[in-house]
Each structure stands twice: as structure tokens, then as C-alpha cells.
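# Structural features, examined
Chain by chain, the residues run as shown.
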Amino acid sequence: MTMKVLITGAGGQVGRELVGAFDGWDVIAADRTQLDISDRTAVLGAITTLRPDVVLNPGAFTNVDGCERDPDRAYAVNALGVRHLADGCRRVDAHLVHVSTDYVFDGDKGLPYHEWDDTGPLSVYARSKLAGEAEVDPACTVVRTSWVFSRHGGNFVQLVLDRAAAGEPLRFIDDQVGSPTAADDLARLLRRLAVERLPGL
């Protein structure tokens with residue numbers, strides 16, 4: 001039996017790869033113009049009408065500077081949006097897989113982080129994403145990822161490739177460390193977590 005899958009944020013890098021990862025499945029892919037996760041009525045209406053078996057949420061307000069300028073929007077999407085999705089999933093017994101971020105940490109550890117490390121968000125974006133994590137039930141899945149790149153949209157890897165191809169100098173900050181994550185690799189992992197309904201962080 002094929003599961004029914006609802007993917008939010010389907011226009012983003014991870015969302016687009018998730019649609020491909022579930023090729024051949026019963027997929028409802030909604031970008032933010034089709035389903036604004038900050039709209040509780042719309043989210044509950046969509047989930048209770050569609051009755052998906054699993055909901056994958058890579059949807060987020062990820063513009064870090066934009067979140068600083070508009071914290072209300074950041075929390076509406078990144079925290080309350082997750083609350084609405086979790087509420088909808090409870091109503092139809094759907095498994096929620098929520099994508100979060102390494103920004104929930106302060107970056108001072110000096111070693112790779114693991115799930116049990118204390119968080120220390122330093123920005124509105126980070127605090128709103130951590131608040132979103134708090135909105136899911138223990139039976140749901142939360143995946144923290146970092147430095148996502150793909151063939152779609154703007155990302156660090158594409159920026160380097162574009163500048164190199166144009167013969168432009170490459171100048172970047174050197175005080176940040178991260179683990180670049182290919183969106184298609186992440187999408188395949190998210191599919192497995194969704195299909196197996198594996199819970200936890």
C-alpha cells in the first residue's frame with residue numbers, strides 16, 4: 001500500500017528534492033503560496049481533508065537577516081506553523097517529520113554537535129526554529145540540518161560555482177564552520193524516517 005504524503009515548503013531546496021524522493025507515491029506538494037503554515041485554519045483544513053499518512057515540513061522562514069527585521073513572521077512560520085502541523089497530524093494520526101537547523105546551537109563547542117548537546121540560539125531565526133522543535137510530540141521526527149545546497153535556489157555552493165565561472169574573486173567570512181548537506185541526500189533520509197515513522201531528534 002502506498003502512503004499519502006503531504007510536503008510543505010515544496011518550492012524550496014529540500015522540498016523540491018523531497019517531491020523527487022517520493023516519485024511514484026501519492027504526494028501532495030504545497031509551496032507557501034498553496035499552504036501558508038502560519039495559517040492555522042488552512043493547515044488544519046488541508047490535513048483533515050487530505051488525511052495524509054505522513055507530513056514532511058521543510059517549510060520555514062530561513063532568511064536570517066529577514067527574521068531579525070520581522071520576528072513576528074519568524075515565529076509565526078517557524079514556531080506556530082509547526083504547532084499547527086503537529087495539531088493537524090494528531091487529528092489524523094499522521095507522522096510529522098520536521099526539518100530544523102544547526103543554528104539552535106551557539107557554535108562555541110569546537111567539536112561536532114550531537115542530539116543531546118545543550119542548545120544556545122543566538123538569533124531570532126535560531127530561537128524561532130528551536131521554538132518550533134518544542135511544538136512537536138515525542139513520537140514525531142525532528143531533523144537538524146546545516147548548510148543545505150542543491151541545484152535549485154540560492155545556496156553557498158551555487159554562489160561559489162557562479163563566482164568561479166564568472167572569474168570573480170572568492171571572498172568569504174572565515175569564522176564559521178559547518179557541514180554542507182546535499183538536499184537530495186537529506187531528502188532520501190527524510191523519506192526513510194517518514195516511511196519507518198522513526199521518532200525523536
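Refer to the structure above for everything that follows.
Computed from a predicted structure; not experimentally measured.

## Points about the nonpolar core
Ranked by internal contacts, the top residues of the largest apolar core, which has 24 residues, are Val43, Ile47, Val55, Cys67, Leu85, Leu96 and Val136. When residues of this core are traced back to their parent elements, those giving at least two are helix 2 (40-50), helix 4 (71-92) and helix 5 (124-134). Per element, the largest residue contribution to this core is seven residues, and it comes from helix 4. Dropping the residues within four chain positions of it, Val43 is found in contact with Leu35, Asp36, Ile37, His84 and Leu85.

## Side note on the sheet that holds strand 4 (residues 95-101)
Neighbouring strands of a sheet are bound in pairs by backbone hydrogen bonds; such pairs are parallel or else antiparallel. Taking strand neighbours across the sheet as the criterion, the five strands line up as 2-1-3-4-5 in an open arrangement whose pairing is parallel. Each edge of the open sheet is held by one strand with a lone partner, namely strand 2 (26-30) and strand 5 (141-145). The mean angle between the axes of side-by-side strands here comes to 15°, regardless of whether they run parallel or antiparallel. Judged from the four bridges that link them, strand 3 (residues 54-57) and strand 4 form a sheet pairing that is parallel.

## Some thoughts on the pattern of salt bridges
Where side chains of opposite charge bring their charged atoms close, a pairing between them can arise. Scanning all chains against the criterion turns up 10 salt bridges. Among the salt bridges present, the one from Arg188 reaches Asp185, with a minimum N-O distance of 2.5 Å. One end of the pair, Arg188, and the other, Asp185, are both in helix 7 (residues 183-195), three residues apart, so they sit about a helical turn from each other. With its nearest N and O atoms 3.3 Å apart, the salt bridge here joins Glu196 to Arg192. One connected set of salt bridges, linked through shared partners, spans Arg40, Asp87, Arg90, Arg91 and Asp137.

What counts, and at which threshold
Residues numbered from 1 in each chain as written. Predicted model: local features only at pLDDT ≥ 70, side-chain atom pairs only at ≥ 80, totals over all residues. Heavy atoms only, no water. Core = buried A, V, L, I, M, F, W, Y, C linked by side-chain atoms within 4.5 Å. Buried < 20%, exposed > 50% of the residue type's maximum accessible area, 1.4 Å probe, protein only. Helix = DSSP H or I, 4+ residues; strand = E, 2+ residues; numbered from the N terminus. Contact = heavy atoms within 4.5 Å. Pairing = 2+ DSSP bridges. Axes fitted to C-alpha atoms, helices over the stretch in contact; angles between N-to-C directions. Salt bridge = Lys/Arg side-chain N within 4 Å of Asp/Glu carboxyl O.

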